[in-house]
There are 2 protein chains.
Amino acid sequence: MTSAATRDAVTSGAVLDTALTLFSERGYHGTALSQIAEALEVRTPSLYNHMRSKQELLQTIVERTVRGVMDDFHEATDGHAEPVDRLYHAVLVYARRHATHRREAIVVNRDTSSLEEPFRSQMQTLRREHEHALRSIISDGVDAGRFVIGSPALGSFAIREMCVSIARWYHDDGPITPEQVAREYTEFALNIVGVGRS
Amino acid sequence: MTSAATRDAVTSGAVLDTALTLFSERGYHGTALSQIAEALEVRTPSLYNHMRSKQELLQTIVERTVRGVMDDFHEATDGHAEPVDRLYHAVLVYARRHATHRREAIVVNRDTSSLEEPFRSQMQTLRREHEHALRSIISDGVDAGRFVIGSPALGSFAIREMCVSIARWYHDDGPITPEQVAREYTEFALNIVGVGRS
DNA sequence: GCACATGACTTATGAGCGTTAGCTAGTCCC
DNA sequence: GGGACTAGCTAACGCTCATAAGTCATGTGC
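Keep in mind it's a predicted model, so treat the numbers as computed, not measured. (Residues numbered from 1 in each chain as written. Chains lettered and ligands numbered in written order. Predicted model: local features only at pLDDT ≥ 70, side-chain atom pairs only at ≥ 80, totals over all residues. Heavy atoms only, no water.)

Enquirer: Help me out: how do you make sense of the overall build of chain A in this one?
Expert: For chain A, the helix and strand inventory stands at 9 helices and 0 strands. Of the regular secondary structure in chain A, the N- to C-terminal order runs α-α-α-α-α-α-α-α-α. Considered along the principal axes of its C-alpha atoms, chain A spans approximately 75 × 40 × 30 Å. Each of the 198 residues in chain A was classed as buried or not, and the buried ones make up 47%. Carbon and sulfur atoms make up 48% of the accessible area of chain A, which amounts to about 9,600 Å² in all. On chain A, the mean spot of the 22 positive side-chain charges and the mean spot of the 27 negative ones are 4 Å from each other. (Helix = DSSP H or I, 4+ residues; strand = E, 2+ residues; numbered from the N terminus. Buried < 20%, exposed > 50% of the residue type's maximum accessible area, 1.4 Å probe, protein only. Areas by Shrake-Rupley, 256 points an atom, 1.4 Å probe, with all protein chains shown as cover. Lys, Arg positive; Asp, Glu negative; His and termini not counted. Charge placed at Lys NZ, Arg CZ, Asp CG, Glu CD.)

Enquirer: Whenever I open this one, the relation of the copies chain B and chain A confuses me. Can you help?
Expert: Here the second copy of the chain follows from the first by a rotation about an axis and a shift along it. Taken as rigid bodies, chain B and chain A are interconverted by a rotation of 179° and an axial shift of 0.0 Å, the fit giving an RMSD of 0.1 Å. Taken together, these values place the two copies in the relation of a two-fold axis. Looking at the interface residues of chain B, 96% of them are also at the interface in chain A, so both copies use one shared face. (Least-squares fit on C-alpha atoms with pLDDT ≥ 70 in both. Contact = heavy atoms within 4.5 Å.)

Enquirer: Please clarify how the packing of helix α4 (residues 83-100) of chain B against helix α6 (residues 119-143) of chain B should be interpreted in this entry.
Expert: Helix packing geometry: the angle between the two helix axes and the distance between the axes. All names here are of chain B. At a minimum axis distance of 9 Å, the contact between α4 and α6 shows a crossing angle of 150°. Classified by the angle their axes make, α4 and α6 are roughly antiparallel. Where α4 crosses over α6, the handedness of that crossing is left-handed. Here α4 contributes P83, R86, L87, A90 and Y94 to the contact with α6, which in turn contributes H130, L134, I137, I138, D140 and G141. (Axes fitted to C-alpha atoms, helices over the stretch in contact; angles between N-to-C directions. Parallel < 35°, antiparallel > 145°, perpendicular 65-115°, else oblique. Left-handed = near helix turned anticlockwise from the far one by under 90°.)

Enquirer: How should the side chain of S114 of chain A be read in this particular structure?
Expert: Residue and element names in this part refer to chain A. Summarising the element assignment, S114 is placed in the loop between α5 (102-111) and α6 (119-143). A relative accessible area of 12% places S114 in the buried class. Here H29 takes part through its side chain, which lies 3.4 Å from a polar atom of the side chain of S114. (Polar contact = N/O pair within 3.5 Å; in protein donor to acceptor, adjacent residues only side chain to side chain.)

Enquirer: Is there a simple way to explain the domain arrangement of chain A in this structure?
Expert: It is common to give the size of an interface as the accessible area lost on bringing the parts into contact. All names here are of chain A. In terms of domains, chain A is made up of domain 1 (3-49) and domain 2 (54-192). The interface of domain 1 with domain 2 comprises 16 residues on the first partner and 14 residues on the second. Regarding the contact of domain 1 and domain 2, the summed buried area is about 1,400 Å², with carbon and sulfur atoms giving 67% of it. Broken down residue by residue, the surface that domain 1 buries against domain 2 is led by L16, L20 and Y28, which jointly contribute 48%. The interface formed by domain 1 and domain 2 holds 1 salt bridge in total. One salt bridge connects D17 with R103, and the closest N-O pair in it is separated by 3.0 Å. For the interface between domain 1 and domain 2, the tally reads 9 residue pairs in polar contact (both at pLDDT 80 or more). Broken down by secondary-structure element, the contributors of at least two residues to the side of domain 1 that touches domain 2 are α1 (12-26) and α2 (33-39). For the side of domain 1 that touches domain 2, the element with the most residues is α1, which contributes 10 residues. Residue composition of the side of domain 1 that touches domain 2, grouped by class: 8 nonpolar, 5 polar and 3 charged. (Domains from an automatic or database assignment. Buried area = accessible area lost by both parts, 1.4 Å probe. Salt bridge = Lys/Arg side-chain N within 4 Å of Asp/Glu carboxyl O. Nonpolar A, V, L, I, M, F, W, Y, C, P; charged D, E, K, R; others polar.)

Structure, rendered in structure tokens:
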């Protein structure tokens, strides 16, 4: 008879990873703990050896991702002063992340509304920070005469969301690398804000 | 005593509309029929006088929306031959639709995965049609030397998804009209495909 | 003024959900 | 070699869900 300790024990990391995959495919409410358990070849209650609740899984996923985005942003832009450079690097890391962390992006963008308060509000505040940071770059570029765009706010939305949606169509097994996608998208972003036009 | 016939009878249109609102706010799996019933001030089982199942509500919403997108596209582009004109009008109606039909767009883009087969596959096929139609415009424009873009496929994704996401941030009570948003986004789209560059 | 169709209602069913409790069997350390 | 810890298991809970069935009041058309 197979014993608990003989077979590979399920780790909390594995539970989180499986939850991430299933949440991204079927959504938070569309995923049952029994499905996570089944994927790990374990009975449902055994999951509770590695987590506190289903909600906690979602919170962990969202929090890690949102903080990762902010860290990426600061690391990429802190060394640059020119709006063009700042926008370029901000979009480069943001686009790349959505190709390399597809599941996280999908869950955050679809299931944030399933987070319980007050956690949900906290995460939304964090996301707003990134939103404002990107918009500020564009506004600064317009003020400095580097960018030509009717509405910085709309441009900021368009750039952000076109990057976010990379997660929805990108596939690792395709011919194109995350780096290539990211570079092409920086091009799109600079075009949107009208870099290099009179 | 209020009677069934005295008070305003719930119509199947009202059920669909309420479902649309709630699905867009909480997702398909996150919405219970009891919540739809409560919003209509009716007991849950009474809903079955106006629909066949919860799944049918979702299917109706998705099908109408997807067909509407295709109708819009053909009506807008059929009269034009030039890639620039075709892209302009395709993006104009697509962007505008996502400002005027926010709830539908959100549900279709989030909850298509909750559709039962084979309906889900049928709808995905329909959506692919629009995807390919838009990509063809861009490819044609590149072939004709009108557009300058590294990857038509990526450009097509970026344009589509930035339009789709209008539904996620637009608010009717704001200062900007759907028409203004749509026009600004056509500008973005034409910039992305590099119209008017050497 | 009566029959019928309509659309509410109440009540009930069975399935599935997340979660808890309590038990058991291996593994590691002394 | 024995106790603590780990990580499975089964069983059961309370709840909510979608859905079914049958009842009853109403307004419309004959």
